[in-house]
Amino acid sequence: GINTKKHELSHFIKQHNIHIAILQETKLRTTQKTPTFHNFTTIRQDRAVGGGSGLITLVHKDITYTVTSAHTKSLLPPKKREKEKKNEISTEQRG
């Protein structure tokens, strides 16, 4: 899981000047704290049922972003949807 690799991940992200990272198989349970990474916002998505699996998206503090869902995007007028689609980063789980 992510907790045993946090130091290694932090080093890799810094060494390679990564600004957005999506980590899968975080293996976090809902009772565990969300890991933090210096200069990054952590967006966490746990598996809905059971435990383990899960995603974390790291976004560098210098990047402006908005977390949206497919439902929220479907409510936008068509022209706005197309504009938003150009700069979209999806973190939704599939399957």
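Use the structure listed above.
Residues numbered from 1 in each chain as written. Predicted model: local features only at pLDDT ≥ 70, side-chain atom pairs only at ≥ 80, totals over all residues. Heavy atoms only, no water.

Judged by how many residues are buried, helix H1 (residues 6-15) sits mostly at the surface: 1 of 10 residues are covered. Once H1 ends, the next one or two residues include Asn 17, with phi positive near 55°. (Buried < 20%, exposed > 50% of the residue type's maximum accessible area, 1.4 Å probe, protein only. Helix = DSSP H or I, 4+ residues; strand = E, 2+ residues; numbered from the N terminus.)

Bringing the sheet that holds strand S1 (residues 20-24) into the picture now. In a beta sheet, neighbouring strands are held together by backbone hydrogen bonds and run either parallel or antiparallel to one another. The strand order across the open sheet built from 3 strands is S1-S3-S2, with neighbouring strands paired in antiparallel fashion. The open sheet has two edge strands, S1 and strand S2 (40-45), and neither has a second partner. The average angle at which neighbouring strand axes cross in this sheet is 15°, direction not considered. The sheet contact formed by S1 and strand S3 (residues 55-60) spans 5 bridges and is antiparallel. (Pairing = 2+ DSSP bridges. Axes fitted to C-alpha atoms, helices over the stretch in contact; angles between N-to-C directions.)

For S3, a buried count of 6 out of 6 residues is recorded, marking the element as mostly surrounded by other parts of the structure. Covered by surrounding structure in S3 are Leu 55, Thr 57 and Val 59 together with Ile 56, Leu 58 and His 60, the residues of both alternating faces. Here S2 pairs with S3 via 6 bridges, running antiparallel. By the bridge assignment, Phe 40 is partnered in S3 with His 60.

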